[in-house]
Amino acid sequence: MPATILSVSQAIAGLRHSYPVTKPIEAIEFLQQTLNSIQILNLYQHFFPTEFTTSTSSIYSDSPDIHSPRELEFFSRLDETELIPISPWQLEIAQEERLDELLIEPWGLDWFSYEDYDIESLAPEWQILLPLTSKGLDWLTENDAQDWYEEEFNVLFSHVLPPDSINYLQFQELCSLADFPIKSVPIVLSFLNYSTGNIWLDGCAQDEYQFREWTVENLISLSAQWQSAKEVITQAQQVIDWLATDRPRRFQQILELWNKSTLSI
């Protein structure tokens, strides 16, 4: 549904905010900017109908290449309600230029994104889990870090089966039968490995940013994934906190289930 002009004064204001167009390229840019504005106002009206109707912020901007006060208000609503995450720097950018598309910012771990893969960015409770993930094992192998791992955690590398030798469904089943928070260990490993299947968690700064069009369908889908992402983040933190209470013994509990889950030859 198009954003509604609620009064004669708004209609007059709309005429006052018409912009002279003298070249074809200017016309194209103007139409794109106008479409962006309509899309965002429609989303505001769809997801926050009461707030949209009662808002006193103008739906018109001082220039077509910046957002109107009502559009900026919508971005703030997204942030406040956590329908989807909008970072502070995106909100700052929106003050000066149009957000033509919705940016999908990664909210997962950043260890795989640093130049030279600075493993120190991970807490030890994450580091000890590295050989249980394909990306973690690749990092340890490519950087000849097996000796570092053994010295750091007093775990023989040869005593940890590689991920490609594991029946992961069996591992998930064994974890599901264990006490909390071991139940959530498979989720933690997928979080560390960027393989959750969640768009908010599987990207890292090393990847190119992903964008989506400002549509109702996209926002519904992204919001559902964001709610799931928050649950994964919470469960992962619970497992990491549990590991921190007695890392050597807790890891051995995980490793015992891991090594039991071997693929049939």
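In case you missed it, the structure is sitting above this.
Residues numbered from 1 in each chain as written. Predicted model: local features only at pLDDT ≥ 70, side-chain atom pairs only at ≥ 80, totals over all residues. Heavy atoms only, no water.

## Brief notes about the overall build of the protein
In terms of helices and strands, the protein carries 12 helices and two strands. Each helix and strand of the protein, placed in order from N terminus to C terminus, yields the pattern α-α-α-α-α-β-α-α-α-α-α-β-α-α. Classification of the 265 residues of the protein by burial places 40% in the buried group. (Helix = DSSP H or I, 4+ residues; strand = E, 2+ residues; numbered from the N terminus. Buried < 20%, exposed > 50% of the residue type's maximum accessible area, 1.4 Å probe, protein only.)

## Details of the nonpolar core
Phe74, Leu78, Leu129 and Trp214 are the most contacted members of the largest nonpolar core, which totals 68 residues. In terms of residues, this core owes the most to one element, helix 11 (residues 216-245), which gives 10 residues. In this structure, Leu78 is in contact with Phe48, Leu83, Ile84, Ile86, Trp214 and Leu219, ignoring residues within four places of it in sequence. (Core = buried A, V, L, I, M, F, W, Y, C linked by side-chain atoms within 4.5 Å. Contact = heavy atoms within 4.5 Å.)

## Some remarks on the packing of helix 9 (residues 168-177) against helix 12 (residues 247-260)
The N-to-C vectors of helix 9 and helix 12 enclose an angle of 140 degrees; their axes lie 8 Å apart at closest approach. Taken together, the axes of helix 9 and helix 12 are oblique relative to one another. As for how helix 9 packs across helix 12, the hand of that crossing is right-handed. Across the interface between the two elements, Tyr168, Gln170, Phe171, Leu174 and Cys175 from helix 9 touch Ile254, Leu257, Trp258 and Lys260 from helix 12. Considered class by class, the residues forming the contact of helix 9 with helix 12 number seven nonpolar, one polar and one charged. (Axes fitted to C-alpha atoms, helices over the stretch in contact; angles between N-to-C directions. Parallel < 35°, antiparallel > 145°, perpendicular 65-115°, else oblique. Left-handed = near helix turned anticlockwise from the far one by under 90°. Nonpolar A, V, L, I, M, F, W, Y, C, P; charged D, E, K, R; others polar.)

## Quick look at helix 10 (residues 185-192)
Most of helix 10 sits inside the fold, with seven of its eight residues counted as buried. Considered for burial, the residues of helix 10 that qualify are Val185, Pro186, Val188, Leu189, Ser190, Phe191 and Leu192. Taken together, the buried residues of helix 10 touch helix 6 (124-127), helix 9, helix 11 and helix 12. Looking one or two residues past helix 10, Tyr194 carries a phi angle of roughly 55 degrees, positive in sign.

## A look at a negative patch on the surface
A cluster of acidic residues, Glu92, Glu96, Glu97, Asp100, Glu101 and Glu213, forms a negative patch at the surface. As for its position among the elements, Glu213 is in the loop between strand 2 (210-212) and helix 11. You can call Glu213 partly exposed: its relative accessible area is 48%. (Patch = residues over 30% accessible without salt bridge, like charges linked within 9 Å, V, L, I, M, F, W, Y side chains within 5 Å. Areas by Shrake-Rupley, 256 points an atom, 1.4 Å probe, with all protein chains shown as cover. Salt bridge = Lys/Arg side-chain N within 4 Å of Asp/Glu carboxyl O. Lys, Arg positive; Asp, Glu negative; His and termini not counted. Charge placed at Lys NZ, Arg CZ, Asp CG, Glu CD.)

## Quick look at a nonpolar patch on the surface
A cluster of nonpolar side chains, contributed by Trp89, Tyr209 and Phe211, occupies part of the molecular surface with about 330 Å² of accessible area. Summarising the element assignment, Trp89 is placed in helix 5 (residues 88-94).

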